[in-house]
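Structural characterization, general
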Amino acid sequence: MNVGSNILNNFLHENLTDLKAKGLYNTIEPMESANGPIISIGGKKLINLSSNNYLGLATDSRLVDAAINAIQTYGVGAGAVRTINGTLDLHVKLEEKLAAFKHTEAAIAYQSGFNCNMAAISAVMDKDDAILSDELNHASIIDGCRLSKAKIIPFKHADIEDLRAKAKAAKESGLYKKIMVITDGVFSMDGDIAKLPEIVEVAREFDLITYVDDAHGSGVTGKGAGTVKHFGLSDQIDFQIGTLSKAIGVIGGYVAGRKELIDWLKVRSRPFLFSTALTPGDVAAATKAIEILMSSTELHDKLWENGNYLKRGLKSLGFNIGDSETPITPCVIGDEQLTQEFSKKLYQEGVYAKAIVFPTVARGTGRVRNMPTAAHTTDILDQALAIYEKVGKEMGILQ
Ligand SMILES: *Cc1c(COP(=O)(O)O)cnc(C)c1O
């Protein structure tokens, strides 16, 4: 029975039908297991090459214990927004740890990485400002920029000359009070690393505010400390954004930077002021993860070892693995339909690796993206490679 607005019902029906006809409607398969190296979907065991759980921390018993202890002491919810009385000593401890981890004066935690970009950009930028944004930046950066009402000036992906030309034009136009340059630290579809030293140089030349969202870099690059650390630029990037939900294995986002920036965000960023604080269990688990990362590179090293192993394996089978500089391992198939089909066949054979196609990536560069983690074993990766070989040959992608 259809009740409610006819206009809405027609809109939904038409658009859903259209998406389904084009094969673009994404169905979601729930898992009956933790998001580890082997997952279970519909009673079927699959090798998991799709999570962002880079270090395997999402199921690490040390984080689980930390969360349980915190829940037993503080309960399951923070009970209020941070600025009323939702701030627990646990939040303060997490933020101190994050600042130490990122080699900055201070840090502020948010409920997610997405939320963090909603919060941080518009706390500083407004309609009198401009933002130079890499064209492949994450959706949450794009939305955060839009929310600020600043003029958005996209530059070609990782193209420093294009960035410089646009920074120069923006500066010389005299139209803007502040100009920011904003980039992902690691681009998640190709696994390439932002050219931060060159970006910092351009920023110095034109007095740009620098903003790096290192969601896929933290725990992965810079011996775990992230892409800014990787380049030795910890004191030169104004905003270092991270997420607690990828390599850190939990949930949440954060900004690390100078004390006055963090002080400002605490009084002016809306998700901090108007959305309930991270839960005690999440905060305690994330804090434990940061402690683990700061005390050892073991998981980081294992991640890279596994990433390199998978890359070597796919490459020697004859697949095109793109130009990734991180453990993110694309397997470029090209045609969208073929890519979807390839991913489906992998699934049937026991590998869960998602097809990523236009509009997420450029037309004709459809790929199956593999995300190995520190928790994978060589044996599991060998099984995955054998399945890749079988499916690749069956579909005529490999000779
Ligand atoms: C995943 C991602 C986010 C969102 O982080 P969540 O913590 O999952 O909300 C933000 N920025 C970038 C660059 C990301 O890759």
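Scoring rules and cut-offs
Residues numbered from 1 in each chain as written. Predicted model: local features only at pLDDT ≥ 70, side-chain atom pairs only at ≥ 80, totals over all residues. Heavy atoms only, no water. UniProt positions renumbered as here; feature names shortened; annotations may be inferred. Near = heavy atom within 4 Å. Polar contact = N/O pair within 3.5 Å; in protein donor to acceptor, adjacent residues only side chain to side chain. Areas by Shrake-Rupley, 256 points an atom, 1.4 Å probe, with all protein chains shown as cover. Helix = DSSP H or I, 4+ residues; strand = E, 2+ residues; numbered from the N terminus. Pairing = 2+ DSSP bridges. Axes fitted to C-alpha atoms, helices over the stretch in contact; angles between N-to-C directions. Contact = heavy atoms within 4.5 Å.

Within an unreviewed UniProt entry, the label attached to the chain reads Glycine C-acetyltransferase, and the organism entered is Brevibacillus fluminis. Word for word, the UniProt comment on the chain under Cofactor (unreviewed entry) is "pyridoxal 5'-phosphate". Of the comments in the UniProt record for the chain, the one headed Sequence similarities (unreviewed entry) reads "Belongs to the class-II pyridoxal-phosphate-dependent aminotransferase family."

**Some words on the site of the ligand**
The full set close to the ligand counts 14 residues, and Gly113, Asp213, Thr243, Ser245 and Lys246 are the nearest of them. Here an oxygen atom of the ligand and a backbone polar atom of Gly113 are 2.8 Å apart. Here Lys246 contributes a side-chain N or O atom positioned 2.6 Å from an oxygen atom of the ligand. Taken by itself the ligand offers 380 Å² of open surface, and the protein chains cover 86% of this. By residue number, the principal contributor to the shell around the ligand is helix 5 (residues 113-124), which donates 3 residues.

**Concerning the sheet that holds strand 8 (residues 239-243)**
Spatially, 3-9-8-7-6-4-5 is the arrangement adopted by the 7 strands of the open sheet, whose pairing is mixed. Pairing within the sheet leaves two strands with one partner each, and these edge strands are strand 3 (106-110) and strand 5 (151-155). Looking at each pair of strands side by side, their axes are set apart by 20° on average, direction ignored. The sheet contact formed by strand 7 (residues 209-213) and strand 8 spans 3 bridges and is parallel.

**Some words on the environment of Ser112**
Take Ser112: it is sitting in the loop between strand 3 and helix 5. In sequence terms Ser112 and Val250 are 138 residues apart; their C-alpha atoms lie 9.8 Å from each other. Ignoring sequence-local partners within four residues, the contact set of Ser112 consists of Gly252 and Gly253. At 3.3 Å, the side chain of Ser112 and the backbone nitrogen of Phe114 are in polar contact. Polar side-chain contacts of Ser112 include one of 2.9 Å to the backbone nitrogen of Asn115.

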